[in-house]
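Commentary on secondary and tertiary structure
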Amino acid sequence: MIRTPIIPGRVPLHLLESVYRSARSVRLDRHCRTVVDAAAGIVSAAVRKDTAIYGINTGFGKLSSTRIAPGQTVQLQRNLVLSHCCGVGPDLPDEIVRLIMLVKLSSLGQGASGVRWELIELMQAMLNNGILPVIPAKGSVGASGDLAPLAHLTAAMIGEGPVRFQGRVLDAADALRQNNLEPWVLGPKEGLAMINGTQVSTALALAALFDTWRSCQTALIAGALSSDALMASTVPFQGEIHRLRKHRGQMDAARSLRSLLEGSAIRDSHREGDERVQNPYCIRCQPQVMGACMDQLRQVAATLEIEANSVTDNPLVMVETGRIMSGGNFHAEPVAFAADQNALAIAEMGAIAERRIATLVDPALNHGLPPFLSPDPGLSSGFMGVEITAAALMSENKHKAAPCSVDSTPTSANQEDHVSMACHGAWRLMEMNQNLAHLIAIELLAATQGAEFRRPVKTSAALQRVMDRVREVVDRLDHDRYIGGEIARATDLVRTGALVTAVGDGMVPALHHHLPENPDCRP
């Protein structure tokens, strides 16, 4: 089996996304073993000294002033893990768990956590063999790291708790034995290194980003098709306007809309004699709104790519100096901010899409299309109910977009007195993304129906391919019928990126962010 090489601290966004979307095998660069072994050696030496070092020979949190005897350090780490296996709620999806494990491998492999190389190899083997710990979604406040969910991951490595393997839920110890793997016995600091970190929040936020960007691309396609169905002007998309404002996202969005609409006979049919001076903002201001959302998401990508390649446990082992230093890299405030930024973009993309749907069904605004896009207005309600569903989804996402990062509550007897709420801030994006995908799917159905009413005049070649793809899964609404399943099928086109593929390469913007070049194992 070909395994994708991973350089700890140097994992680019496209590789993170590929592990999220497919169960590919990975192989940590073995050149990093030297620094990992050196850090583990520093921890081993520290255990034999009289100096108190947090989490190695002391208790945790408020109990950090309690000294632990050398003979109890192994039990200390095991107790830490098991006591924090207290997560609740639905299990994280397998694709999220894979991403968590990859991000954790990248962190541990940088040789600042003090774990042994064999622990890293075990996690890598579990990931590659599809032994995925069952991790409840709820229980982290985003500092000191994602303690509860990461404890569930670690418990599986020591043979405790359930895992998913080959479509079944098994005891972790049984799944390890079936793959000729032995449960790990945690050494000094290893339990703390495993449960201390932002990997769950980061993985959730990354997954949300990847899905949001795919919806963003499809929203541009849906917006272009709506524009043509409404016989809108393309003047507001011209490059001269957007170059004067200079925002990259706005220029990218306008360029994409121009490309998607190029060659449309519908557009050419009303260049002369159209009494309308301007179109509504939901059509005319698409570059400004969608561009701002893309700029926001690219900032989210920059933050999360850094975080996914960071070391975020505590304390940290400085191999160069031999020091073990206590800090606060586990505080997930950057991830919390990124999740809130993502939420704003999701809400705004859905808000402007809902306005386009409302315009398409409104006979006062849709420039000659039948009311509610019905083939027989009155007897058939057409898209009347569907538009209400879109309004409900939009409103729900606006409520969910309220920031999580401004909330904090003290924990651990006020030792951990300010927390980020990054984990549930990122978790809530999954439902928001689902709502957004439904919204865009509804717009695609409405816009396709609207454009068909313009026949025999046709849209552009690119948008015709989109309409053809939509019609492969949903028939034209020529009478009222049960439509819930049709929305679900159209939503699958959004979530899988099928329509991005349909329009062809280069028609919609890419996320485009890359870490600066650095060939070293440790940044």
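Further up the page is the structure itself.
To keep things clear, this report deals only with the structure shown in the data block. (Residues numbered from 1 in each chain as written. Predicted model: local features only at pLDDT ≥ 70, side-chain atom pairs only at ≥ 80, totals over all residues. Heavy atoms only, no water.)

This next bit is on the overall build of the protein chain. Tallying secondary structure elements over the protein chain gives 20 helices and nine strands in all. Computed over C-alpha atoms, the radius of gyration of the protein chain comes to 26 Å, within 12% of the 24 Å expected from 2.2 N^0.38 for 523 residues, which places it in the range of a compact globule. Principal-axis analysis of the C-alpha atoms places the extent of the protein chain at approximately 90 × 50 × 50 Å. In the protein chain, once contacts between residues fewer than 6 apart in sequence are set aside, the share between residues at least 24 apart is 79%. Accessible surface, the protein chain: about 21000 Å² in total, of which carbon and sulfur atoms supply 54%. Across the protein chain, 49 positive and 53 negative side-chain charges occur, with their mean positions spaced 3 Å apart. (Helix = DSSP H or I, 4+ residues; strand = E, 2+ residues; numbered from the N terminus. Rg over C-alpha atoms; globule rule 2.2 N^0.38 Å. Contact = heavy atoms within 4.5 Å. Areas by Shrake-Rupley, 256 points an atom, 1.4 Å probe, with all protein chains shown as cover. Lys, Arg positive; Asp, Glu negative; His and termini not counted. Charge placed at Lys NZ, Arg CZ, Asp CG, Glu CD.)

Let us look at the environment of Gln238. Checked against the element boundaries, Gln238 lands in the loop between α9 (199–229) and α10 (239–243). Separated by 13 residues in sequence, Gln238 and Met251 have C-alpha atoms that sit 9.2 Å apart.

So, on to the nonpolar core. Counting 153 residues, the largest nonpolar core has Leu16, Leu92, Ile100, Met126, Leu206 and Ile221 as its most contacted members. At 18 residues, the largest contribution of residues to this core is made by α9. The residues touching Ile221, leaving out its near neighbours within four places in the chain, are Leu260, Leu463, Val466, Leu499, Val500, Val503 and Val508. One finds Ala39, Ile42, Ile53 and Ile56 within the second-largest nonpolar core, a separate group that totals eight residues. (Core = buried A, V, L, I, M, F, W, Y, C linked by side-chain atoms within 4.5 Å. Buried < 20%, exposed > 50% of the residue type's maximum accessible area, 1.4 Å probe, protein only.)

Viewed as axis vectors pointing N to C, helix α15 (residues 333–361) and helix α17 (residues 422–452) meet at an angle of 20 degrees, and their least axial separation amounts to 9 Å. If you check the angle between α15 and α17, you find them roughly parallel. Of the two possible hands of crossing, α15 and α17 adopt the one that is left-handed. Partitioned by chemical class, the residues of the contact of α15 with α17 number 19 nonpolar, four polar and five charged. (Axes fitted to C-alpha atoms, helices over the stretch in contact; angles between N-to-C directions. Parallel < 35°, antiparallel > 145°, perpendicular 65-115°, else oblique. Left-handed = near helix turned anticlockwise from the far one by under 90°. Nonpolar A, V, L, I, M, F, W, Y, C, P; charged D, E, K, R; others polar.)

Here we take up the pattern of salt bridges. Under the defined criterion, the tally for this structure stands at 25 salt bridges. Salt bridges linked by common partners bring Glu17, Arg21, Asp211 and Arg495 together as one network. (Salt bridge = Lys/Arg side-chain N within 4 Å of Asp/Glu carboxyl O.)

A word on the environment of Asp50. The residue Asp50 is located in the loop between α2 (33–47) and α3 (73–83) in this model. With relative accessibility at 70%, the residue Asp50 sits in the exposed group. Between the C-alpha atom of Asp50 and that of Ala69, which follows or precedes it by 19 residues, the distance is 9.9 Å.

Any two packed helices are characterised by the angle at which their axes cross and by the distance between the axes. Put simply, α15 and helix α16 (residues 384–400) touch, their axes get as near as 9 Å, and they point 160 degrees apart. Considering the angle they form, α15 stands roughly antiparallel to α16. In the packing of α15 onto α16, the handedness of the crossing is left-handed. Here Ile346, Ala347, Gly350, Ala351, Glu354, Arg355, Ile357, Ala358 and Val361 of α15 come into contact with α16, specifically with Glu387, Ala390, Ala391, Met394, Asn397 and Lys398.

Another point: the packing of aromatic side chains. A complete count under the given rule lists two aromatic pairs for this structure. The interplanar angle of 35 degrees and the centroid separation of 6.1 Å between the aromatic rings of Tyr20 and Phe210 together place this pair among those described as tilted. With a gap of 190 residues between them, Tyr20 in helix α1 (residues 13–21) and Phe210 in helix α9 connect regions that are remote in the sequence. Comparing Tyr20 with Phe210, the two get one shared label, buried. When the centroid spacing of 6.2 Å and the interplanar angle of 85 degrees are considered together, the rings of Tyr54 and Phe60 count as edge-to-face. On the basis of relative accessibility, which here comes to 23%, the residue Tyr54 falls in the partly exposed class. In this structure, Arg476 is placed above the aromatic ring of Phe453, and the distance from its NZ or CZ to the ring centre is 4.4 Å. (Phe/Tyr/Trp six-rings, centres within 6.5 Å; stacked < 30°, edge-to-face > 60°. Lys NZ or Arg CZ within 6 Å of the ring centre and 35° of its normal.)

Here the amide bond leading from Ala143 into Ser144 is cis, since omega sits at 0 degrees, within 30 degrees of zero. Note that the residue after Arg455, namely Pro456, is joined by a cis bond; omega there is 15 degrees. Counting through the fold element by element, Pro456 comes out in the loop between α17 and α18 (461–473). Its identity as a non-glycine residue notwithstanding, Phe372 has a phi of 55 degrees, on the positive side. By secondary structure assignment, the location of Phe372 is in the loop between α15 and α16. The exposure class assigned to Phe372 is partly exposed, which follows from its relative accessible area of 26%. Of note, the phi angle at Asn414 is positive, near 70 degrees, even though the residue is not glycine.

This brings us to the sheet that holds strand β7 (residues 168–171). For sheets, the rule is that strands pair by backbone hydrogen bonds, running either parallel or antiparallel. With respect to topology, three strands assemble into an open sheet ordered β4-β6-β7, the strand pairing being antiparallel. Among the strands making up the open sheet, the edge pair consists of β4 (132–133) and β7. The sheet contact formed by β4 and strand β6 (residues 162–165) spans two bridges and is antiparallel. Counted as the bridge partner of Leu132 is Arg164 from β6. (Pairing = 2+ DSSP bridges.)

This paragraph deals with the side chain of Gln464. In this fold, Gln464 is placed in helix α18. Sequence-distant contacts of Gln464, that is, excluding residues within four places in its chain, are made with Arg455, Lys458 and Thr459.

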